[in-house]
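# Understanding the architecture of this molecule
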Amino acid sequence: MRNFINGHYLSLTIVHEFFKKKPFLNQTTKHWIHISGFFILLISMRTSLIAAESTQVINTNLLIVGGTESGWAAAIQAARMGVPSIVIVNDIEWIGGQFTAESLVAIDENRNPQGYGHGVPFPRAGLFKELMDQIEHDNTERYGTPRPGNTHVITTARPSHIEKIFRKFLKPYIQSGQIRLINHYRPVSTTLDKSNIRLREIHFQKTQTQTNNIHSQKLTIKAELTIDATDWGDVIKKTPARYEFGPDLRKTYKEPLAPLARKGFPLTDMNPITYCMVLKETKKEQIIPKPRHYDRRNYDGMYSDNPAVIYKSRRIVDHYHFKQILQPDVLLVCYATHDYPLDILPEYLNQALEQTEKGASRKNIVQMSPEQRELIFEDAKDYTLGYLYYLQTVIFDKTADKKYNFRRFILSDEFGTKDHLPFKPYIRESLRLKAMYMMKQQDTTGYGNNSSMFAKSMYFDGIACWQFEYDFHPTGRKFLTDNKSGPWHNYFRKGRTWGPPYSGRSLFPCRSLIPEIIDGLIAAQKNLGYSSIVSSALRLHDQCIAVGQAAGSVAAISLTNKVQPRKIPGNSQFLAEVWESLCTRKKNAIPHTLWPFRDLAPSHPAFEAINLLAIRQILDIKPYEIDFKPDLPAKINWIKKVIELSRTKKQIPQSLTILKKDFTRGEFAIKWWNKIKYFPDMKFINQSNEDSDSDGINNSQDPLPYHPGQETWTENLIPSDRNGIPNADLLSINLVRAINFSGEPSKDNKVFETDSGLPYSESRKLGWNRDIQNSTRKRMRSGNRLRSTFIFTRSHDIWNCHLPNGRYKITLCIGDEDYSQPDQNVKVEGKELFLHAGTLEGDFQEKSILIDITENQLTIEIGKAGSQSNTCLNWLIVQKAK
């Protein structure tokens, strides 16, 4: 108020001084000017106060609350689909969520067990690829390389640079008036219609004094639809929509990783928050001031204290490696040591929370008010700054090699905050909307519990794709002394740790965006319909954008057809409109992935056709066929099967077919999709029933409500020649010799001899051209020795075995229980048996070949000279040929 009055008084003083100095005015005139000015001041103040206290009302088609990456993607998608009026309301100035405001700028992407960079399970696509292309283009212009971090995370960039790119995407829509961006407001209440089931209005309170040329402290937005893309589900909480938080017990969703009882797993337990630090290299050494509550015991013995590991793990700019970069190094420090658990808080923080509201210290963070959360955030900031102080003092003193010296680094000032930390912590977990369907661990687990394969339940209403480990950072806090305001360490609770296990290659269902009881509302960001365990795997940068883009499409289709979002999943035609609006190149968009094929990039001309066929489950796909192989010839039996399946999914005439046979698989997909796309999709069965497929599972609990059972793959679809276990007839008919390539002999298996990688010897009459004993491996997953053991090479090795002359059938098995092996090569007596053969994690290939032995010796060659990939040989069986 003081600044408000001073501003008006200053304006009056300037006018008064101007006229006072004019000689042409007499004293009477000057006197009246002075009196008039006083009244003008009062009128101006009254008018401004009324404006400030009044509520500004805005009407719009689509309201998006939250300037997160998910909210941004929803707005872009809806704008491209022609929604006339879109309003984004953000609580701060920056947009971009974890890319920018949370400063997690070592950009995480979908991942499978192969690890960072090498384990992206399917290519970038959709708005995420559009954004990443712009980020890497900007990096190239600034640094001469698209990926300047030289780290295990694929792409890194400065948060302020990324924020400008987010704005660049919005700019044309803002300029045209289609999108309006309003910053520094947060939701405080909602209004529903008379039936109390449809959200109509959101009421906001300003969080900053002056912004957006809107002088009102209060803002009401009346919208046909609202998307909650906030950090903590702030709109959902203000409605009667139900939501969950904290660990789910096993009885809730029957998930294998879920705890059996509440004891030891309080409702305050959440994936921790972390304040990320962006550090800039300088030419002088300095130490930050000691933060409040600093105690070196907080950090002693926690994870790695090797400064080189911390330095390199999420480096943003590496000018030592990229010599063309003339700027100093920039680092992101986001490490488990300064993860801040939320289950139990220090006593001094509990006391501060209790002063705001009785019982506040016992709330889950999603239940707290913004002011209460801010108290936690301030303590988390101190803890993070304490870690930097620790690196600059304790670690500096104990490390002899000063190459990775954190005293050379200062906190970046690009956020404009007083403490130079980002606006928000990295938020891994929010509330979980009680949606039309709640995703569960068992749905998203890979077929056969194999994370390389498609998920067990490939939802009929899938609108985005994802894969990651079920990944909790340390959720628990334990104090090191009796002083509950003293030093503490974070720790992992059982079943709530980082992976493995991983999910399979999964879909995200439309139903999980939509509240079970409230209309006019769609969820986004991390406020989705899933269990706590699934939320730990579905929270990365690309996943949040993919879900946000899908939410924008669902909103646009709802508005276009004048229906509520809940009508879309059960209506095949509406769902088709969503799919086709996402997987398109219209308006120069990069199409969005609907089915997670490993080898299909959006640049491929058949990308849209393949995805739009696959999501309808028209393509004849097995759970292990994660590569579509669009450029291989299409086999006639496969073409016939696809046409047959099309008749169950599309209302096409029986006469419609394709006679031409010499297509690639991709060419056939394009041709066939173009023939059938305008025919309506088949309607879903028994829409009015609570159990549409009569499988005894209520639709709200059923991942596949129009398909009997809960799994897409209803039979054992792993062929016997891909399970890594030899058929009985291989070992019972004309068996000559059976070899298991493993490190040590098995006491249980009397049929197989063991080869451990020793050179050839006359006494054993088998062996290798060199000693490769160090290349044997034993995995622990299945317990089956033949599947879990192998010998491998990354070059070219030769194995010989004595055999009397004659004709033999040789059967070999290649594969690895724990890892995909993409390029394996085996020759038998000079003949190619496996050429560039790929196996998934837990997937095997067995092949047989007939050969003639003429020199009393069998020769097997594995690998190729100069290869960068492993060839893994499990076992070999020799039978006398008939």
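First things first, this report covers the structure right here in the doc. (Residues numbered from 1 in each chain as written. Predicted model: local features only at pLDDT ≥ 70, side-chain atom pairs only at ≥ 80, totals over all residues. Heavy atoms only, no water.)

Turning our eyes to something else, we now look at the environment of Ser 795. Positionally, Ser 795 belongs in the loop between strand S24 (789-793) and strand S25 (796-802). Of the residues examined, Ser 795 reaches a relative accessible area of 27% and is grouped as partly exposed. Taking C-alpha positions, Ser 795 is 32 Å from Asp 108, a pair spaced 687 residues apart along the chain. Apart from the residues within four sequence positions on either side, Ser 795 is in contact with Arg 770, Ile 862, Gly 863, Lys 864 and Ala 865. (Helix = DSSP H or I, 4+ residues; strand = E, 2+ residues; numbered from the N terminus. Buried < 20%, exposed > 50% of the residue type's maximum accessible area, 1.4 Å probe, protein only. Contact = heavy atoms within 4.5 Å.)

The next point concerns the side chain of Asp 228. Tracing the chain through its elements places Asp 228 in strand S8 (residues 218-228). Lys 237 provides the closest opposite charge to the buried, unpaired Asp 228, separated from it by 8.5 Å. There is a polar contact of 3.0 Å between the side chain of Asp 228 and the backbone nitrogen of Val 235. Non-local contacts of Asp 228, meaning those with residues more than four positions away in its chain, are made with Val 65, Gly 233, Asp 234, Val 235, Ile 236, Leu 521, Ile 522, Ala 523, Ala 524 and Asn 527. (Lys, Arg positive; Asp, Glu negative; His and termini not counted. Salt bridge = Lys/Arg side-chain N within 4 Å of Asp/Glu carboxyl O. Polar contact = N/O pair within 3.5 Å; in protein donor to acceptor, adjacent residues only side chain to side chain.)

Right, let's get into the environment of Gly 301. With respect to the helices, strands and loops of the structure, Gly 301 is situated in the loop between strand S10 (277-281) and helix H7 (307-313). On the basis of relative accessible area, Gly 301 is assigned to the exposed category, the value being 73%. When the C-alpha positions of Gly 301 and Asp 108 are compared, they lie 27 Å apart, and in sequence the two are 193 residues distant.

Moving on: the pattern of salt bridges. Tallied over the entire structure, the rule returns 51 salt bridges. Its salt-bridge partner being Arg 158, residue Glu 414 comes within 2.8 Å of it at the nearest N-O pair. One end of the pair, Glu 414, is in the loop between strand S13 (409-411) and strand S14 (432-433); the other, Arg 158, is in the loop between strand S4 (155-156) and helix H5 (159-176), and 256 residues separate them in sequence. Judged by its relative accessible area of 11%, Arg 158 falls in the buried class.

In space, the 4 strands of this open sheet follow the order S11-S12-S10-S13, with antiparallel pairing throughout. On the outer flanks of this sheet lie strand S11 (315-317) and S13, each paired with one strand and no other. Averaged over all pairs of adjacent strands, the angle between strand axes in this sheet comes to 30°, irrespective of strand direction. (Pairing = 2+ DSSP bridges. Axes fitted to C-alpha atoms, helices over the stretch in contact; angles between N-to-C directions.)

So, on to the packing of helix H12 (residues 541-561) against helix H13 (residues 572-582). Each pair of packed helices gets described by two things: the angle between the helix axes and the distance between those axes. Taken N-terminus to C-terminus, the directions of H12 and H13 make an angle of 130°; their axes are 9 Å apart at the nearest point. One way to sum up the angle between H12 and H13 is to call them oblique. As for how H12 packs across H13, the hand of that crossing is right-handed. Across the interface between the two elements, Gln 549, Ala 550, Ser 553, Val 554, Ile 557 and Asn 561 of H12 pack against Phe 574, Glu 577, Val 578, Ser 581 and Leu 582 of H13. Grouping the constituent residues of the contact of H12 with H13 by class yields 6 nonpolar, 4 polar and 1 charged. (Parallel < 35°, antiparallel > 145°, perpendicular 65-115°, else oblique. Left-handed = near helix turned anticlockwise from the far one by under 90°. Nonpolar A, V, L, I, M, F, W, Y, C, P; charged D, E, K, R; others polar.)

Note: most residues except glycine have negative phi, and most peptide bonds are trans. Its identity is not glycine, yet Ser 103 carries a phi of approximately 65°, on the positive side. Counting through the fold element by element, Ser 103 comes out in the loop between strand S2 (86-89) and strand S3 (106-107). The class for Ser 103 is buried, based on a relative accessible area of 0%.

Attention now goes to the environment of Trp 638. Residue placement: Trp 638 occurs in helix H15 (residues 636-649). Through-space distance from the C-alpha of Trp 638 to that of Ile 621 is 9.8 Å; in sequence the pair is 17 residues apart. The residues touching Trp 638, leaving out its near neighbours within four places in the chain, are Leu 619, Asp 620, Phe 628, Arg 665 and Phe 668.

Applying the stated criterion to the full structure yields 0 disulfides. The thiol of Cys 544 is unpaired, and the distance to the nearest cysteine sulfur, on Cys 276, comes to 14 Å. Overall, Cys 544 belongs to the buried group, its relative accessible area being 2%. The thiol of Cys 583 is unpaired, and the distance to the nearest cysteine sulfur, on Cys 465, comes to 9.6 Å. Taking relative accessible area as the criterion, Cys 583 reaches 4% and is therefore assigned buried. (Disulfide = S-S within 2.5 Å.)

Let's shift gears to H13. Here H13 lies mainly inside the structure; 8 of its 11 residues are buried. Residues of H13 that are buried: Ser 572, Phe 574, Leu 575, Ala 576, Val 578, Trp 579, Ser 581 and Leu 582. Buried residues in H13 make contact with helix H3 (69-80), strand S15 (462-466), H12 and helix H14 (607-614). A distance of 3.0 Å separates the backbone nitrogen of Gln 573 from a side-chain oxygen at the start of H13, and that oxygen is part of Asn 571.

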